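Structural overview for review
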Amino acid sequence: MSKVITPRAKDYSRWYTDLVIQAQLADYAPVKGCMVIRPHGYALWENIQRTLDAMFKETGHENAYFPLFIPESLLQKEAAHVKGFAPECAVVTRGGGKELEEPLIIRPTSETIIYSMYSKWIRSWRDLPMLLNQWVNVVRWEMRTRLFLRTTEFLWQEGHTAHATEAEAEEETRRMLEIYATFAEDHMAMPVLRGMKTEAERFAGAVRTYSIEAMMQDGKGLQAGTSHNLGQNFARAFDVKFQNKNSQLEYVWSTSWGVSTRLIGALIMQHSDDQGLVLPPRLAPIQIVVVPIFKSGDGVLEAAADLVKEIRTSTPGNGSFERSRVRLDDREGLSPGFKFNEWELRGVPIRIEIGPRDLKAGQVVVATRHDRQKQTVPRAGLAERLPSLLEEAQKSMLERARTHMASRSTPVDSYEDFKKQIDAPGGFLYCHWCGSGECEASVKTETKATIRCIPLDAPEEKGSCIRCGSASDRRVPFAKAY
RNA sequence: CGGGGCGUAGCGCAGCCUGGUAGCGCACCUGGUUCGGGACCAGGGGGUCGGAGGUUCAAAUCCUCUCGCCCCGACCA
């Protein structure tokens, strides 16, 4: 097996694929466009899942499970929705050796089947809000796929809520967007823009779509999570009505929101380097690895085992450190150098090296993955210091990503400059935009750049549209995106 | 669907032009020596060359068809 990862500077795209394969996050499956998520990648997903799931539950949501198959007739009930999704649906037409009476769609998203149930379950304002979420796989027959970023089948979470008022639904939509943003920043160490999607980029069937938008190391944008205010569109299509306090029948106001295994792709492209994965400590499946440099009988292995035991039993200094995520690498027959490289490839945030020299001197070597620094530190009191070292790494990764995003966010005022800068240096080009779909579309056709979002915190500023010159009230970030 | 590339050992590749029955590196197994940034020596296992058909005394190699995958574009989380 080739151990060399294509350097980022040579071919960013190749680097990404090499890294995913070699760090054993995923592998290509026998089915085109599909991937196998390997244990290291799945552990990452489990950590993402666990953290988000707790956040959802704290805000009152419950998990449920709706079926994989959706009757074709259900999908067709909401006009915009079917238009958006029909082309990329996988359809089952045979079962039990017979042609099915009605084809079954493999869910590309579950609004339709969920609202068909909501119409049975919701009768009264007392049934609201209905706050459900599910962690499932979905299938979208994409033309071009890319490990984690866009696969035919992917794992995600989809929240579906129904409310008595428009304001409440909007509040929920924004609340979940903020949860995604908080998760991205606090756990993934990935700064994001919170914003509203333009009409062209809106979810099929939504009134408003909000998203969090990240910037990868190559300056390209990545939509990392979406939250939709569905208004009463699906309620009307699926006849989801309730009686309000005045005994009148009303359609519910609903929302849906989701993040997917794409987040793993985002994590990789945000932080990793030519040596391999760089994972934020809070999400890293293994947070600390101890590598003994030993010969049998020199006592190093025992000392390393003691250290691991001590780390595992020491009181975590904060919520970021978990004792089960410490590993002792006592494999024989592999040189220390080999192990160092392997753990770096796999993105372990802290590596502790301990050899005969350290044993004598009462010290160890602590190597931090995100900055590739090594320092010699006293053995005494080490275990207690590790949680804060992890926390520092977490913080400095976020800082570094913030700095990167800021350094590649530039105001641009003329379309000439825009066309010059969109490929190199790229990044987010903040431009005035009149708000018309025509300008947005022609910029996209001519430069492949899209409006990532209309940032919620965009300051008011008078200007003229970069494309047509009409009046504009604020700048929006344009970028090429994954 | 358009453009490009590739299918030979688990992985990466050579061999193909000029047909003669398969090779290299890594990985793997055994034994030994090593071990502070991808160790070394010795021995060993593993492939009907993507599939089908054809030409030929003989096909990984030549011809025809076919299947699959990867990369770049249009679609998208």
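Residues numbered from 1 in each chain as written. Chains lettered and ligands numbered in written order. Predicted model: local features only at pLDDT ≥ 70, side-chain atom pairs only at ≥ 80, totals over all residues. Heavy atoms only, no water.

Moving on to helix α9 (residues 300-313). Residues spaced three or four apart along an α-helix point in a common direction, a consequence of the helix completing one turn every 3.6 residues. With 14 residues, α9 extends 20 Å between its outermost C-alpha atoms, agreeing within 8% with the 20 Å of an ideal straight helix rising 1.5 Å per residue. All buried positions along α9 are accounted for by V300, A303, A304, L307, V308 and I311. The arc that holds every buried residue of α9, seen down its axis, measures 140 degrees, which confines them to one face. In α9, the exposed positions that point more than 90 degrees away from the buried face belong to K309 and T313. (Helix = DSSP H or I, 4+ residues; strand = E, 2+ residues; numbered from the N terminus. Expected span 1.5 Å × (residues − 1). Buried < 20%, exposed > 50% of the residue type's maximum accessible area, 1.4 Å probe, protein only. Arc of directions from axis to C-beta.)

A separate point is the packing of aromatic side chains. This structure, assessed with the given rule, holds 14 aromatic pairs. Judged by centre distance (5.0 Å) and plane angle (35 degrees), the ring pair of Y12 and W15 falls under tilted. Of this pair, Y12 and W15 both sit in helix α1 (residues 12-22), three residues apart, roughly one helical turn. This pair shows no difference in class: Y12 is buried, exactly as W15 is. These aromatic residues form a ring-pair network of at least three members: F66, Y115, Y118, W121, F234 and F238. Its guanidinium or amino end placed over the ring of Y482, K220 lies 4.4 Å from that ring's centre, counting from NZ or CZ. (Phe/Tyr/Trp six-rings, centres within 6.5 Å; stacked < 30°, edge-to-face > 60°. Lys NZ or Arg CZ within 6 Å of the ring centre and 35° of its normal.)

It is worth spelling out the domain arrangement of chain A at this point. The assigned domain composition of chain A is domain 1 (2-271), domain 2 (288-389) and domain 3 (409-479). Taking only C-alpha atoms, the centre of domain 1 and the centre of domain 2 are 39 Å apart. Listed as interface residues are nine residues of domain 1 and, on the opposing side, five residues of domain 2. Across the domain 1 to domain 2 interface the summed buried area is about 550 Å²; carbon plus sulfur atoms make up 46%. Where domain 1 meets domain 2, there are one salt bridge. Of the charged contacts, one joins E322 and R50 as a salt bridge, the two residues approaching to 3.3 Å between their closest N and O atoms. Seen at the junction of domain 1 and domain 2, the total is two residue pairs in polar contact (both at pLDDT 80 or more). Broken down by secondary-structure element, the contributors of at least two residues to the side of domain 1 that touches domain 2 are α1 and α2 (39-58). Looking at the side of domain 1 that touches domain 2 element by element, the count peaks at three residues for α2. (Domains from an automatic or database assignment. Contact = heavy atoms within 4.5 Å. Buried area = accessible area lost by both parts, 1.4 Å probe. Salt bridge = Lys/Arg side-chain N within 4 Å of Asp/Glu carboxyl O. Polar contact = N/O pair within 3.5 Å; in protein donor to acceptor, adjacent residues only side chain to side chain.)

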